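# Structural features, examined
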Amino acid sequence: MQEITQSQVIQALDEAAKQVYRNLPVFTYACQNHSSVHNFYPTCDNNQWTCGFWPGEVCLAFEHTQDPVLLHAAAILAESFLKRIQNKIEVDHHDMGFLYTPSCVSLYRLDGNQRARKAALMAADQLLTRFQEKGAFLQAWGTMGEKENYRYIIDCLMNLPLLYWASQQTGQSVYSDIAKQHTRTCLANSFREDGSTFHTFYMDPETGGPVRGETCQGYRFDSSWARGQAWAIYGLAISYRYTKDTSCLLQFEKASDYFLSRLPEDLVPYWDMIFTEGDEPRDSSSASIAACGFLEMADLVDGEQAEIYRSGAKRFLYSLYESYRVKNPEYSNGLVLHGTYSKQSPYNTCTPEGVDECVSWGDYFYMEALTRLKGGWVSYW
Ligand code: GLY
């Protein structure tokens, strides 16, 4: 696979920004659903774990165009995130980072918006309430302490940057201490010897010891869900940036090697890495997330290794640009086709949703990876 060129990066960002403009009238006072339906996103209320990604696209479009209209739209969206956290609407789970980093930390970074900062700090406090001392982890879902919900999930690595940011903002180490404890628990349990990952991991509420790995959205308990593997790659790269802990770097290398070893020819994974050929749906969002992880790590290591990661990311991006991006707005109001949110299998427990559709985080991370390649981006994460 060839690398995306700089002029293709700019063209892809131009197209993405145009699609953002087209969507603004519908998605300024309403949120974008987690996934499209026949390639068109419906609106939704601000009550899903995914609502932060569309405002993140608006912020990235602003970075590309410098058009203040986009900042104005991002500020309107951020108000709804402030209202959500103040009124505690669907925030009893760990996804505060996915929600508030691309929607509010972003806007605060871009224009110092104080209401966005306030919302993001409140979200960080909310995330702290998910911490379980016994086992030292952030509980993903459900009532705190219930045995059947006493688990964390690999995705949570992407919620931790909100905590590191909150420590930087407030000067209080409680946020980063908890992020580091969660990372240590995750590194100790969630990775198999071959670098693949468990989606979810149960801990013992009495002893705090590790119990077992299971999947929710992957194919089988012993397979690796493609997006979970990508969350691990990007999450570890960011953890390494904040902590400089070499165990994050070492596990990043193993997780990346595993990811690369399970890709089909066009580098866009099937929804679970147990599949390497055939007709199963792809999850294009995993390729975008992994590309962001590779680009993050390329900035943190030296010389040849950095070049290998940068080149890998450019190859993912070329494939997405060439064969997966939306080329005609009459076909879709998203940016990237062929994502998979949750596919049911005989062995998993998920509700089927958004199979072979655009997914809002897939669009966001595609734009983020392109923005990184354009150069000069200051991370929201
Ligand atoms: N964090 C849930 C997902 O990636 O589907």
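Higher on the page you've got the structure.
Residues numbered from 1 in each chain as written. Predicted model: local features only at pLDDT ≥ 70, side-chain atom pairs only at ≥ 80, totals over all residues. Heavy atoms only, no water.

## Let's talk about the overall build of the chain
For the chain, the helix and strand inventory stands at 12 helices and 9 strands. Each principal axis of the C-alpha atoms in the chain carries an extent, and together these give about 55 × 45 × 45 Å. Counting all 381 residues of the chain, 64% fall into the buried class. In the chain, 67% of the contacts between residues at least 6 apart in sequence involve partners at least 24 apart. Separation of charge centres in the chain, based on 32 positive and 46 negative side chains, amounts to 4 Å. (Helix = DSSP H or I, 4+ residues; strand = E, 2+ residues; numbered from the N terminus. Buried < 20%, exposed > 50% of the residue type's maximum accessible area, 1.4 Å probe, protein only. Contact = heavy atoms within 4.5 Å. Lys, Arg positive; Asp, Glu negative; His and termini not counted. Charge placed at Lys NZ, Arg CZ, Asp CG, Glu CD.)

## Here we look at the packing of aromatic side chains
Two measures describe an aromatic ring pair: the distance that separates the ring centres and the angle between the ring planes. Inspection of every chain in the model, using the stated rule, returns 34 aromatic pairs. Ring plane angle 40° and centroid distance 6.0 Å describe the contact between F53 and Y364, whose orientation is recorded as tilted. You can see F53 sitting in helix 2 (residues 53-65) and its partner Y364 sitting in helix 12 (residues 360-374), a full 311 residues away along the chain. Each member of the pair, F53 as well as Y364, is classed as buried. (Phe/Tyr/Trp six-rings, centres within 6.5 Å; stacked < 30°, edge-to-face > 60°.)

## Some remarks on unusual backbone geometry
Within the chain, H38 stands out as a residue other than glycine whose phi angle is a positive 50°. Tracing the sequence through the fold places H38 in the loop between strand 1 (31-32) and strand 2 (43-44). By relative accessible area, which is 67% here, H38 ends up exposed. Positioned with a positive phi, N39 is a non-glycine residue whose angle comes to about 75°. Residue N39 is classed as buried on the basis of its relative accessible area, which comes to 12%.

## Details of the pattern of salt bridges
According to the stated counting rule, one finds 14 salt bridges in the structure shown. Between E3 and R315 there is a salt bridge; the shortest N-O distance is 3.4 Å. Of this pair, E3 sits in the segment before helix 1 (6-23) while R315 sits in helix 11 (residues 303-324), placing them 312 residues apart in sequence. For D299, the salt bridge is made with R310, and the minimal N-O distance between the two is 3.3 Å. Separated by 11 residues along the polypeptide, D299 in the loop between helix 10 (284-298) and helix 11 and R310 in helix 11 bring together distant segments of the chain. A relative accessible area of 55% places D299 in the exposed class. By relative accessible area, R310 is classed as partly exposed at 24%. (Salt bridge = Lys/Arg side-chain N within 4 Å of Asp/Glu carboxyl O.)

## So, the nonpolar core
Ranked by size, the top nonpolar core spans 130 residues in total, and within it Y100, L163 and F365 carry the most contacts. Top element by residues in this core is helix 8 (residues 226-243). It accounts for 11 residues. Those residues within four positions of Y100 in sequence are excluded, and the remaining contacts are F81, R84, I85, V105, A119, A120, A123 and L162. (Core = buried A, V, L, I, M, F, W, Y, C linked by side-chain atoms within 4.5 Å.)

## As for the site of the ligand
Taken together, the neighbourhood of the ligand is formed by W49, D155, Q217, W225, R227, W231 and Y341. Side-chain polar atom of Q217 to an oxygen atom of the ligand: 2.9 Å apart, as the coordinates give it. Surface burial for the ligand is 95%, taken as the share of its 200 Å² of free accessible area covered by protein chains. Partitioned by chemical class, the residues of the shell around the ligand number 4 nonpolar, 1 polar and 2 charged. (Near = heavy atom within 4 Å. Polar contact = N/O pair within 3.5 Å; in protein donor to acceptor, adjacent residues only side chain to side chain. Areas by Shrake-Rupley, 256 points an atom, 1.4 Å probe, with all protein chains shown as cover. Nonpolar A, V, L, I, M, F, W, Y, C, P; charged D, E, K, R; others polar.)

## Looking at the packing of helix 3 (residues 68-86) against helix 5 (residues 114-128)
Relative to each other, helix 3 and helix 5 sit at 35°, their axes nearing to 9 Å. Taken as a pair, helix 3 and helix 5 cross one another with a handedness that is left-handed. Between helix 3 and helix 5, the residues in contact are A78, E79, F81, L82, I85 and Q86 and R115, A116, K118, A119, M122, A123 and Q126, respectively. Each residue belonging to the contact of helix 3 with helix 5 can be placed in one class, and the counts come to 8 nonpolar, 2 polar and 3 charged. (Axes fitted to C-alpha atoms, helices over the stretch in contact; angles between N-to-C directions. Left-handed = near helix turned anticlockwise from the far one by under 90°.)

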